[in-house]
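Report on the structure
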Amino acid sequence: SRVFSILALSLYAQAALAQTSVLAFSPEGAVKGVRQVTARFSNQMVAFGDPRAPDPFSVDCSEKGKGRWIDGATWSYDFERDVPGAVACSFRLRSEARDLAGQPLGGQGVFAFHTGGPSVVRSLPGEGSTQLDEQQVFLLALDAPATTASIERHAWCRAGGINEKIGVRVLAGEERARMLALRKDFVDRNRTVVALQCRRTLPAATDMALVWGKGIAAPNGIAIDTDQELAYRTRPDFHLTLR
């Protein structure tokens, strides 16, 4: 009957609401500098302080870590280090996971985050330098490797007096090796270093920017989604005055 159907739906809805689920999971989406993941459940999952309680999630991530229960309803996954750029991690509720009352879980079952595409974390010359050479080579320390093809497609230089984007070229082979050897102190402090140069001579005494553009990607395809600009100024023309 109609009344019976309504009652059955009501009871089903109440049961669904009572079913233990993940109330909050953090982080999700694109985020940098992740060291810990936390999940909070709507009901008690384990006896407080039980170190033998199993992890409720299976973890798919290239970075190593370890799960633990903070309290009866809150679980965390602690990474061994800050997760570098261009890493994607997913957390899937185990099918055998049960709450403290022995009931299966409901609600969303898969959660994920990624640390975004390769970003510039430091540069040489440092941002703000006013003594750039007209054919300056830039060394960029990245938080993840980036493909040469995506850099040359999406990175560019902007300079006063030039009304167009100036492409870049990525140094390779012996040319790159010579440049890195000259700046060994910078290279030794950074894991991933790219050397590049604007594809045309820069005008003297002008503001310029190196744009690390949206779309630059790691080998696994994870790309940055916003432009990153490094501002500089080129040095003045050389003048010799005889008195």
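Residues numbered from 1 in each chain as written. Predicted model: local features only at pLDDT ≥ 70, side-chain atom pairs only at ≥ 80, totals over all residues. Heavy atoms only, no water.

**Considerations on the sheet that holds strand β8 (residues 110-114)**
Here four strands make up an open sheet; going across it, the order is β2-β8-β7-β4 and the pairing mixed. Each edge of the open sheet carries a strand with a single partner, namely β2 (29-30) and β4 (57-60). (Pairing = 2+ DSSP bridges. Helix = DSSP H or I, 4+ residues; strand = E, 2+ residues; numbered from the N terminus.)

**So, the pairing of strand β13 (residues 192-198)**
Extensive coverage of β13 is indicated by the burial of seven of its seven residues. Across the two faces of β13 the burial is the same, with Thr192, Val194, Leu196 and Cys198 and Val193, Ala195 and Gln197 all buried. In the sheet, strand β10 (residues 137-142) pairs with β13 via six bridges, with the strands oriented antiparallel. Looking across to β13, one finds that Phe138 is bridged to Leu196. Pairing of strand β12 (residues 166-170) with β13, which is carried by three bridges, proceeds in the antiparallel orientation. Its bridge partner lying in β13, Arg169 is registered against Gln197. (Buried < 20%, exposed > 50% of the residue type's maximum accessible area, 1.4 Å probe, protein only.)

**Structural notes on the packing of aromatic side chains**
Overall, the coordinates contain 15 aromatic pairs when judged by the stated rule. Seen in terms of ring centroids, Phe41 and Trp69 are 5.9 Å apart; in terms of plane orientation they differ by 40°. Their pairing is tilted. One end of the pair, Phe41, is in strand β3 (residues 36-41); the other, Trp69, is in strand β5 (residues 65-71), with 28 residues separating them in the sequence. For the pair formed by Phe41 and Trp69, the shared burial category is buried. Taken together, the ring pairs connect Phe25, Phe41, Phe57, Trp69, Trp75, Tyr77, Phe79, Phe91, Phe111 and Phe113 into an aromatic cluster. (Phe/Tyr/Trp six-rings, centres within 6.5 Å; stacked < 30°, edge-to-face > 60°.)

**Brief notes about the confidence of the model for the protein chain**
Averaged over every residue, the pLDDT of the protein chain is 91; the share at 70 or more is 90%. pLDDT under 50 marks residues 6-16. Its contacts with residues more than four places away, or in other chains, come to zero contacts. (pLDDT = per-residue confidence, 0-100. Contact = heavy atoms within 4.5 Å.)

**Points about the sheet that holds strand β14 (residues 207-212)**
The seven strands lie next to each other as β9-β10-β13-β12-β11-β14-β15, forming an open sheet whose pairing is antiparallel. Across the chains shown, the open sheet's two edge strands, defined by having one partner strand only, are β9 (120-124) and β15 (228-233). Across this sheet, the average inter-strand angle for adjacent strands is 30°, counted without regard to direction. Here β9 pairs with β10 via four bridges, running antiparallel. (Axes fitted to C-alpha atoms, helices over the stretch in contact; angles between N-to-C directions.)

**Looking at the state of the cysteines**
One pass over the full model with this rule turns up two disulfides. Across the disulfide from Cys61 sits Cys89; the S-S distance is 1.9 Å. Of this pair, Cys61 sits in the loop between β4 and β5 while Cys89 sits in strand β7 (residues 88-93); the two residues are 28 residues apart in sequence, bridging distant segments of the chain. A sulfur-sulfur separation of 2.1 Å characterises the disulfide bridge that pairs Cys157 with Cys198. Taking the sign of the S-S torsion, -85° for the link of Cys157 and Cys198, the bridge is left-handed. One end of the pair, Cys157, is in strand β11 (residues 156-159); the other, Cys198, is in strand β13, with 41 residues separating them in the sequence. Take Cys157 and Cys198: they sit in the same class, and that class is buried. For the protein chain, the bonded cysteines pair up as 1-2, 3-4 when numbered in the order they occur along the sequence. (Disulfide = S-S within 2.5 Å.)

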